[in-house]
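# Structure assessment
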Amino acid sequence: MNISNVSLTLPFTLHTSCLHMQVKSGSKTKNLVQYVKRKLLLTDNIIEQITWNAYGDGISKAIACAEMLKRQSELVFHEYVQIGYKTNEKIQTSDKIKLNKDIPSICILLSKIPLIKTDEKED
């Protein structure tokens, strides 16, 4: 089984300090949120944006992580959610048949700084 690495394209320019979190169905929500909170509190490593990325069964956990972080943090976040599909390509070697299945995916962007659309960016 091969899941294509098609990432969702956000209409915003991500900050260089953006922390990308990949959430899977077996991930522990509490551990992920605590890790991000520790990263946010470090003074030498300023994180301005966080993306919570998941597909399939991990989507509900990614949403839960983003909501827990917003609730437990004193920070005010600007939020953008992008949903889409990833293609799951399965090749049956016995029959030489290629099967494609679309799997739902999500990317939740939480930003401490205001979001600026890519096409609105000043040159």
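All values derive from a computational prediction rather than experimental measurement.

## Considerations on the nonpolar core
Among the nonpolar cores identified, the biggest contains 21 residues, and Met 21, Val 36, Leu 40, Ile 50, Trp 52, Leu 69 and Leu 110 are the most heavily contacted of them. The leading source of residues in this core is helix α2 (residues 59-72), at six residues. Once residues within four sequence positions are removed from consideration, Leu 110 is found in contact with Glu 48, Gln 49, Ile 50, Trp 52, Ala 66, Leu 69, Lys 70, Phe 77, His 78 and Glu 79.

## Focus on the packing of aromatic side chains
The relative placement of two aromatic rings is captured by the distance of their centres and the angle of their planes. This structure, assessed with the given rule, holds one aromatic pair. Note on Phe 12 and Tyr 80: the rings are 4.9 Å apart at their centroids and 80° apart in plane angle, and the pair reads as edge-to-face. With Phe 12 in the loop between β1 (2-3) and β2 (19-22) and Tyr 80 in strand β4 (residues 78-92), this residue pair connects regions lying 68 residues apart in the sequence. Taking the relative accessible area as the measure of exposure, Phe 12 reaches 11% and is therefore buried. When its relative accessible area of 24% is taken as the criterion, Tyr 80 is described as partly exposed.

## As for the environment of Ile 106
Inspection of the secondary structure assignment puts Ile 106 in strand β5 (residues 97-111). Classification of Ile 106 by relative accessible area gives buried; the value is 7%. The spacing of Ile 106 and Gly 56 is 50 residues in sequence and 8.9 Å in space, taken between C-alpha atoms.

## Points about the side chain of Thr 29
Examined against the element boundaries, Thr 29 turns out to sit in helix α1 (residues 29-41). Exposure remark for Thr 29: the relative accessible area of 17% places this residue in the buried category. Not counting residues up to four positions away in its chain, the partners in contact with Thr 29 are Lys 61, Ala 64, Cys 65 and Met 68.

## Some words on the pairing of β2
Covered by surrounding structure in β2 are Leu 19 and Met 21 only, the residues His 20 and Gln 22 on the alternate face being uncovered. Bridge count between β2 and strand β3 (residues 49-55): four bridges; the pairing is parallel. Following the sheet pairing, Gln 22 is matched in β3 by Asn 53.

## Quick notes on the pattern of salt bridges
In this structure the tally under the stated criterion is three salt bridges. For Glu 79, the salt bridge goes to Lys 70, with nearest N and O atoms at 2.6 Å. Between Lys 98 and Glu 89 there is a salt bridge; the shortest N-O distance is 3.5 Å.

## As for the confidence of the model for the chain
When pLDDT is averaged across the chain, the result is 86; 89% of the residues are at 70 or more. The secondary structure element of the chain with the lowest average pLDDT is β1, at 44, and the one with the highest is α2, at 96. This stretch, residues 1-6, has a pLDDT under 50; its non-local contacts, to residues over four places away or in other chains, come to 14 contacts.

## Focus on α2
For α2, which comprises 14 residues, the first-to-last C-alpha distance of 20 Å matches the rise-based estimate of 20 Å (1.5 Å per residue) to within 8%. Within the sequence span of α2, burial applies to Ile 59, Ala 62, Cys 65, Ala 66, Met 68 and Leu 69. Among the structural elements, α1, β3 and β5 are those in contact with the buried residues of α2.

Analysis parameters
Residues numbered from 1 in each chain as written. Predicted model: local features only at pLDDT ≥ 70, side-chain atom pairs only at ≥ 80, totals over all residues. Heavy atoms only, no water. Core = buried A, V, L, I, M, F, W, Y, C linked by side-chain atoms within 4.5 Å. Buried < 20%, exposed > 50% of the residue type's maximum accessible area, 1.4 Å probe, protein only. Helix = DSSP H or I, 4+ residues; strand = E, 2+ residues; numbered from the N terminus. Contact = heavy atoms within 4.5 Å. Phe/Tyr/Trp six-rings, centres within 6.5 Å; stacked < 30°, edge-to-face > 60°. Pairing = 2+ DSSP bridges. Salt bridge = Lys/Arg side-chain N within 4 Å of Asp/Glu carboxyl O. pLDDT = per-residue confidence, 0-100. Expected span 1.5 Å × (residues − 1).

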